[in-house]
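# Observations on the model geometry
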Amino acid sequence: MSATTPTYAFAYLDEQTKRMIRRAILKAITIPGYQVPFASREMPMPYGWGTGGVQVTASIIGPNDVLKVIDQGADDTTNAVSIRAFFERTAGVATTTRTTEATIVQTRHRVPETPLAEGQTIVFQVPIPEPLRFLEPRETETRVMHALEEYGLMHVKLYEDIARHGHIATTYAYPVKVEGRYVMDPSPIPKFDNPKMHRSPALQLFGAGREKRIYAVPPYTEVVSLDFEDHPFRIQSFDRPCALCGADDVYLDEVVTDDRGGRMFVCSDTDHCEDRRAKGFTGEQVHQEAAE
Amino acid sequence: MSDAPLLSVRDLSKRYGARVGCEDISFDLWPGEVLAIVGESGSGKTTLLNCVSTRLQPSSGAVSYRMRDGVLRDLAELGEAERRFLMRTDWGFVHQNPADGLRMRVSAGANVGERLMAIGERHYGRLRETATDWLGRVEIAEDRIDDRPVAFSGGMRQRLQVARNLVTKPRLVFMDEPTGGLDVSVQARLLDLLRSLVSELGLSVIIVTHDLAVARLLSQRMIVMKGGRVVESGLTDRVLDDPHHAYTQLLVASIPES
């Protein structure tokens, strides 16, 4: 008997369920960006906690895989800790916080700053897979729109942004077109991460548990963010580097440090930040502490 | 007017189970012509309009349309993609209730621009220019371009719906009681506007109305329906001045003398 709890199948799901999910994943990979319906199972965690991503991970993980789980870029937040513990317990796999060591990265809201490599798989947790949903509530209609490539409505949303805010104000879940065909919701990652999906050498899988959809972007696939000719797509920029590691090409989180208006901007990707600090890079916070 | 019909309807019937929606309807529509379908509530005029515009599938009969390339095509044989493309480029549909034809949650500018974006316009500045131009043509002030239709009056919504439909320069527009639910002065203004747009753009129009005054003002030809059948058809002036069928005589007689 292995060290895993014997009452569970390996990685919690039974083999028939895994088989069903793997078929959905294979179909999703063959039609990049297309939402494949699947029979989503009840998981021992609430919807919104990543039940779709967990099912995808459970179906592809093997005993030799090394798993990394992040939530908003961090390895140590509740969602990440719980899901990591779930797989440690039900699959007994090795886990890591280092992006380069992981074979599977399950993520909520971020793509790691360290570029992913060939052979790695990233699994996104998706709340609402349908990019057209907020403009067209009927599922029958959105399916027809995808089938007939009627994506004018997506630009209506971007038009509204510009009309109201003067620029495209969508900052997360920014719609992309995959391989020139399907418009896809990249899950609520900041648009900062959209370019990382473009021609990524890693396999990208998306699981929406409540909405019962799986979709995928195979390695080296075109992922283009939608825009207007005179309002091109731009990622967020920050006017200061990370306060801890000094990185100026990363996505930052604003952290409130006291109740007198104190705040600092730090890397949202904790692994990337630690890695840089270990290599000797420092930010202004560290300089200040050294001066005191 | 050209000598080849733009739209040709043959022996069209629509049944809802045992009930008759409309029966054995045949007519042709020529380019640049405005055809009114009149009749009382329940006479099948909206059913007919929906069948002709492919929004409903007829039980029997055929509707053919001369595409932009000059070929007459049976609409039932079009694929869904072709049919939907036709509906949002070469056709327009003005609903009685503007909320059915507008996106109430997005601005007037986006409402006008939606069809253009659907056929591939990707330049914000040009979309904006076109929207401003069309709002002007339907007499909506330029500074309302970023307001949502929920903030518009009934008449403005209806004019916005007209602009949204005409922006792709359609050749055929269907209108279902476009002046219904508007008060008399607003109706008159909308009719004026429709009449000038129709003649300026050379539109073909099929307009459903129960209001003979609307038919007289806009249409060259009319069809009178009762109980799902056509009881009389002909030039509007002829039908209204010299009605042959007893039901038409009753309709004409029921207009108060002015």
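### Some thoughts on the sheet that holds strand 2 (residues 19–29) of chain B
Residue and element names in this part refer to chain B. Here 4 strands make up an open sheet; going across it, the order is 2-1-4-5 and the pairing antiparallel. In this open sheet, the two strands that pair with only one neighbour each are strand 2 and strand 5 (72–74). For this sheet the average axis-to-axis angle between neighbouring strands, irrespective of direction, equals 20 degrees. Judged from the 7 bridges that link them, strand 1 (residues 7–16) and strand 2 form a sheet pairing that is antiparallel. Counterpart to Ser-8 in the pairing with strand 2 is Asp-28. Here helix 1 (residues 45–52) sits on the sheet and contacts strand 1, strand 2 and strand 4 (60–66); the angle it forms with strand 1, its principal contact strand, is near 120 degrees.

### Brief notes about the packing of aromatic side chains
Evaluation of the coordinates by the stated rule reveals 14 aromatic pairs over all chains. Between the aromatic rings of A:Phe124 and A:Phe206, the centroid separation amounts to 4.4 Å while the plane-to-plane angle is 10 degrees, which identifies the pairing as stacked. Highlighted residues: A:Phe124 in strand 5 (residues 121–125) and A:Phe206 in strand 8 (residues 203–208), separated in sequence by 82 residues. In terms of burial, A:Phe124 and A:Phe206 fall into one category: buried. Ring geometry for B:Trp91 against B:Phe174: centres 5.1 Å apart, planes inclined by 75 degrees, an arrangement best described as edge-to-face. Within this pair, whereas B:Trp91 is found in strand 6 (residues 91–94), its partner B:Phe174 is found in strand 7 (residues 172–176), the two being separated by 83 residues in sequence. In terms of burial, B:Trp91 and B:Phe174 fall into one category: buried. Members of the aromatic cluster, connected to one another through ring pairs, are B:Tyr65, B:Trp91, B:Phe93 and B:Phe174. The ring of B:Tyr247 has B:Lys226 lying over it, and the distance from NZ or CZ to the ring centre is 5.2 Å.

### Observations concerning the pattern of salt bridges
Inspection of the entire model under this criterion finds 44 salt bridges over all chains. Here B:Arg84 ties to A:Glu141 by a salt bridge, and the two come within 2.9 Å at their closest N and O atoms. Remark: A:Glu141 occurs in helix 4 (residues 139–147) and B:Arg84 occurs in helix 2 (residues 80–89); the pair is interchain, linking two chains. Residue A:Glu222 is joined to A:Arg199 by a salt bridge in which the shortest nitrogen-to-oxygen separation is 3.8 Å. One end of the pair, A:Glu222, is in the loop between strand 9 (213–217) and strand 10 (223–225); the other, A:Arg199, is in the loop between helix 6 (194–197) and strand 8, with 23 residues separating them in the sequence. Overall, the relative accessible area of 41% leaves A:Arg199 in the partly exposed class.

### Thoughts on the nonpolar core
In this structure, A:Tyr159, A:Phe228, B:Val112, B:Leu160, B:Ile207 and B:Met222 are the most contacted members of the largest nonpolar core, which totals 66 residues. For this core, the leading source of residues is helix 5 (residues 152–165) of chain A, giving 7 residues. Non-local contacts of A:Phe228, meaning those with residues more than four positions away in its chain, are made with A:His155, A:Leu158, A:Tyr159, A:Ile162, B:Met117, B:Arg122, B:His123, B:Tyr124 and B:Leu127.

### A word on the interface of chain A and chain B
On the chain B side, the residues contacting the 21 residues of chain A number 23 residues. Here chain A packs against chain B, burying approximately 1,900 Å² in sum over the two surfaces, 56% of which is carbon and sulfur. A per-residue breakdown of the area chain A buries against chain B is headed by A:Val156, A:Tyr159 and A:Glu229, which together make up 29% of the total. Linking chain A with chain B are 4 salt bridges.

### A closer look at unusual backbone geometry
All names here are of chain A. Although it is not a glycine, Ala-11 adopts a positive phi angle of roughly 60 degrees. Its place among the elements puts Ala-11 in the segment before helix 1 (15–30). We classify Ala-11 as buried; its relative accessible area is 0%. Of note in the backbone geometry, Tyr-12 takes a positive phi value of approximately 75 degrees without being a glycine. Within the secondary structure, Tyr-12 is located in the segment before helix 1.

Conventions and cut-offs
Sequence positions are assigned chain by chain, starting from 1 and proceeding in written order. All chains are assigned letters beginning with A, and all ligands numbers beginning with 1, in the order in which they are written. With pLDDT at 70 or above as the cut-off, local features in this predicted model cover only qualifying residues; side-chain atom pairs require 80 or more to be listed or tallied, and sums for whole chains, interfaces and linings still use all residues. Hydrogens and water molecules were not included; the side-chain quantities draw on all heavy atoms of the structure. One requirement defines pairing of two strands: DSSP has to find at least two bridges between them. In this text, helices come from DSSP runs of H or I with a minimum length of four residues, and strands from runs of E with a minimum of two, each type numbered from the N-terminal end. Throughout, an axis means a line fitted to C-alpha atoms (over the contacting stretch in the case of helices), and angles, computed between N-to-C directions, take values from 0 to 180 degrees. Only heavy atoms matter for contacts: two residues are in contact if any of them lie within 4.5 Å across the pair. Put simply, two rings from Phe, Tyr or Trp (the six-membered ring, in Trp's case) pair if the centres are within 6.5 Å, and we call them stacked under 30 degrees between planes, edge-to-face over 60, tilted for the rest. Partly exposed describes any residue whose relative accessible area lies between the buried limit of under 20% and the exposed limit of over 50%, with all areas from a 1.4 Å probe on protein chains only and scaled to the type maximum. By definition, being over a ring means that NZ of Lys or CZ of Arg is both within 6 Å of the ring centre and within 35 degrees of the ring normal. Salt bridge, as applied in this entry: a Lys or Arg side-chain nitrogen positioned within 4 Å of an Asp or Glu carboxyl oxygen. We define the nonpolar core as a collection of buried residues of types Ala, Val, Leu, Ile, Met, Phe, Trp, Tyr and Cys that are connected through side-chain atoms lying within 4.5 Å of one another. Buried area: the sum, over both parts, of the accessible surface (1.4 Å probe) that disappears when the two are put together.

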